[in-house]
Amino acid sequence: MNIGLIGSGGREHALCKKIYQSNLVKKIVCFPGNAGTSQMATNVDVDILNFKKLYKLLKFYKIDLVVVGPEEPLVKGIVDFLKNKKIKVFGPNKYAAKLEGSKAFMKKMCLKNQIPTAKFKVCKKIRDVKKFLMNCKLPIVVKADGLAAGKGVTICNSNKQVFNVSNDIFKGKFKSSKSVVLEEFLKGEEASYFVLVDENSFKFFGTAQDHKRVYEQDKGPNTGGMGAYSPAPIITKSLEKKIISRIIKPTLVALKKEKKPYTGFLYAGLMISKNNPYLIEYNIRMGDPECQVILPRLKTDIVKIFNKSISKKLNKTKIKWSEKKCMTVVLCSKGYPVKYKNNLKIKNINKINLRKEDFIYHAGTKFINDELRTNGGRVLNVTSTGIDFLKIRKRINSIIKKINWKKGYFRKDIGWKVIN
Ligand code: AMP
Ligand code: GLY
């Protein structure tokens, strides 16, 4: 089979490597990919939101199956578009993608189906904001309704801040959002739970925890993720049963009832409080960098899983996982997520002797005349597997030391919750 993979981050390099390992695959084409994917696939530069152009390229490269990495094309309806053109594609339809594309849609679905989540109000005017403030204690979480590339959420500690942040959103700070979602602040520990879904069933697809803040001790601004590990020990068997019965199943049933069944990866961002799960957000894709720690633990051929899922036979598929643990540390450009340079040289990466349990996924990288350069804030995801998180982290840190990239920054405390 020829596989088309859409996206260019560390998540897509991890998907690309897994797809590359499949016996079912003849050729992989990445749209547009990164320096890492170019070593196992053909990279084709294209605007992934230009569906017509993408369709022409998919025909040209004789692609049999398309796998979509990031949320934006999914929210904009790439799956509906390609299915109409009779191209096989793994991912959710446009309606189901609103689980991530509209926080208001997701929260209303929770309310209607008694899915545990923070108390909330969808506000269209500042008057609605005032009403919510009368009935909710600080801190209050203010969210832009639509996609905001991880920048749409602010935890506010004063009424004034709630007004200011809400006003900015009403005034059009995020083009995708006219509404604001206000939420009560949930206390607890965050964890991510993944499933892979077809029209008839779903399968467990791993657990992980990530570190969103840029600095050590979870300080500084939010990022796309500075590191992650899998599995997440906080998700015990008893908690998992609650996640499935209270959150995952009611969501999938609700979408089926609306004749828009979910398919693809589904990622539940959870707050765990007193051994009970609350849904913070849904993502309609794999996480980045969570994908980079889940896929190295997957033992079953991923292309076989995609095929079974597309033919609605997931219930007949066994997905096997390694008992080993996995961690990734993000090496980013100094200054990320605020201001950083692109096009910086990274020299030593090919000189490093990796063991079979290590892997360096590329994120924001490209080759210019065979020279590796940065092409984004999060640059490399140094990843390793083993039986002990502390030992894995030491191994990763030793690899980063050898890369010795002076313009890079990384957190040395990834996994502190499961190490200290
Ligand atoms: P989201 O984009 O909705 O995942 O929000 C980004 C981050 O904000 C989450 O990973 C949490 O750390 C935090 N957050 C969002 N909503 C809440 C909430 N209701 N209570 C506490 N923290 C929250
Ligand atoms: N690491 C968080 C996300 O992928 O949304």
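Each remark here, short or long, concerns the structure printed above.
Residues numbered from 1 in each chain as written. Chains lettered and ligands numbered in written order. Predicted model: local features only at pLDDT ≥ 70, side-chain atom pairs only at ≥ 80, totals over all residues. Heavy atoms only, no water.

**Overview of the pattern of salt bridges**
As a working rule, side chains carrying opposite charge can pair if their charged atoms are close by. Applicable threshold: Here a salt bridge means any side-chain nitrogen of Lys or Arg lying within 4 Å of a carboxyl oxygen belonging to Asp or Glu. Secondary structure counts use DSSP, requiring at least four H or I residues in a row for a helix and at least two E residues in a row for a strand, with both numbered from the N terminus. Burial status follows relative accessibility: with a 1.4 Å probe on protein chains alone, a residue under 20% of its type maximum counts as buried, one over 50% as exposed, and anything between as partly exposed.
Enumeration over the complete set of coordinates arrives at 15 salt bridges. For Glu100, the salt bridge identified is with Arg285, shortest N-O distance 3.1 Å. Here Arg285 lies in the loop between β16 (276–283) and α10 (290–294) and Glu100 lies in helix α5 (residues 98–101), a separation of 185 residues in the sequence. Assessed through its relative accessible area of 11%, Arg285 is described here as buried. Linking Lys212 and Asp210 is a salt bridge whose minimum nitrogen-to-oxygen distance equals 3.9 Å. Three or more residues joined by partner-sharing salt bridges are found here, namely Glu71, Glu100 and Arg285.

**Here's the deal with the site of ligand 2**
Test applied: One heavy atom within 4 Å of a molecule or strand makes the whole residue count as near it. What qualifies as a polar contact is a pair of N or O atoms within 3.5 Å, subject to a donor-acceptor requirement within protein and to the restriction that residues adjacent in sequence count only when both atoms come from side chains. For the accessible areas, the method is Shrake-Rupley and the probe is 1.4 Å, while residue cover comes only from the protein chains on display. Classes in brief: Ala, Val, Leu, Ile, Met, Phe, Trp, Tyr, Cys and Pro nonpolar; Asp, Glu, Lys and Arg charged; the others, Gly included, polar.
With respect to spatial proximity, the complete set of residues near ligand 2 consists of Asp210, Gly224, Tyr267, Asn283, Arg285, Gly287, Asp288, Pro289 and Glu290. Contact between ligand 2 and Asp210: a nitrogen atom at 3.0 Å from a side-chain N or O atom of the residue. Gly224 places a main-chain nitrogen or oxygen 3.2 Å from a nitrogen atom of ligand 2. Against a free-state accessible area of 200 Å², the protein chains account for coverage of 88% of ligand 2. When the residues that make up the shell around ligand 2 are grouped by side-chain class, the tally is two nonpolar, three polar and four charged.

**Here's the deal with the packing of aromatic side chains**
Put simply, the test is: Each aromatic pair joins two rings of Phe, Tyr and Trp (for Trp, the six-membered one) with centres within 6.5 Å, and gets the label stacked for planes under 30 degrees apart, edge-to-face for over 60, and tilted for any other angle. Charges are assigned to positions over rings by a cutoff of 6 Å between ring centre and Lys NZ or Arg CZ, combined with an angular limit of 35 degrees from the ring normal.
Applying the stated rule across the entire model yields 16 aromatic pairs. With a centroid separation of 5.0 Å and an interplanar angle of 85°, the aromatic rings of Phe60 and Tyr61 are classed as edge-to-face. Ring geometry for Tyr95 against Phe105: centres 5.3 Å apart, planes inclined by 90°, an arrangement best described as edge-to-face. On the criterion of sequence distance, the pair formed by Tyr95 in the loop between β5 (89–90) and α5 and Phe105 in helix α6 (residues 103–112) is long-range, its members being 10 residues apart. According to the relative accessible area criterion, Tyr95 is partly exposed, its value standing at 23%. Of the aromatic side chains, those joined through ring pairs into one cluster are Phe90, Tyr193, Phe204, Phe205, Phe265, Phe306 and Trp321. Taking the ring centre of Phe359 as reference, the NZ or CZ of Lys17 above it sits at 4.0 Å. The side chain of Lys85 reaches across the aromatic face of Tyr55, ending 5.0 Å from its centre.

**Examining the site of ligand 1**
Near ligand 1 lie 14 residues; those nearest to it are Lys143, Glu183, Leu186, Glu190 and Glu281. The separation between an oxygen atom of ligand 1 and a polar side-chain atom of Lys103 is 3.3 Å. For ligand 1, an oxygen atom lies 2.8 Å from a polar atom in the side chain of Glu281. Here ligand 1 loses 89% of its free accessible area of 470 Å² to cover by the protein chains. Of all elements in the fold, only β7 (140–144), β9 (180–184) and β16 reach the threshold of two or more residues within the shell around ligand 1. Residue composition of the shell around ligand 1, grouped by class: seven nonpolar, no polar and seven charged.

**Concerning a positive patch on the surface**
Short version of the rule: Patch rule: a residue counts if its relative accessible area is over 30% and it has no salt bridge; like charges are joined within 9 Å, and nonpolar side chains (Val, Leu, Ile, Met, Phe, Trp, Tyr) within 5 Å. Only four residue types enter the charge count, namely Lys and Arg as positive and Asp and Glu as negative; His and the chain termini do not. Here the site of a charge means atom NZ of a Lys, CZ of an Arg, CG of an Asp or CD of a Glu.
On the surface, a cluster of positive charge is contributed by Lys108, Lys124, Lys125, Arg127 and Lys131. Relative to the assigned elements, Lys124 resides in the loop between β6 (120–123) and α7 (126–134).

**A word on the state of the cysteines**
Basically, it comes down to this: Cysteine sulfur atoms that come within 2.5 Å of each other are treated as a disulfide pair.
Counted according to the given criterion, the structure contains zero disulfides. In this structure Cys30 is not part of a disulfide, and its nearest cysteine sulfur, from Cys16, lies 3.9 Å away. When its relative accessible area of 1% is taken as the criterion, Cys30 is described as buried. No disulfide involves Cys156; its nearest neighbouring cysteine sulfur is the one of Cys136, lying 11 Å away. Its relative accessible area of 0% is what places Cys156 among the buried residues.

**Here we look at the sheet that holds strand β8 (residues 153–156)**
Counted only if it meets this: Strand pairing requires that DSSP identify at least two bridges connecting the strands. Orientation is described by lines fitted to C-alpha atoms, with helices fitted over the stretch in contact, and by angles between N-to-C directions that extend from 0 to 180 degrees. Residue contacts are counted whenever heavy atoms from the two residues lie within 4.5 Å of one another.
Spatially, the four strands line up as an open sheet ordered β6-β9-β7-β8, and their pairing is antiparallel. Each of the sheet's edge strands pairs with one partner strand only, and the pair in question is β6 and β8. Pairwise comparison of adjacent strand axes, ignoring direction, gives a mean angle of 20° for this sheet. As paired elements, β6 and β9 share four bridges and run antiparallel to each other. Each residue of the ladder has a partner; that of Cys123, found in β9, is Val180. Against the sheet, α6 engages β6, β7, β8 and β9, with an angle of about 140° to β6. Sheet contacts for α7: β6, β7 and β9; angle to β6, the most-contacted strand, approximately 165°.

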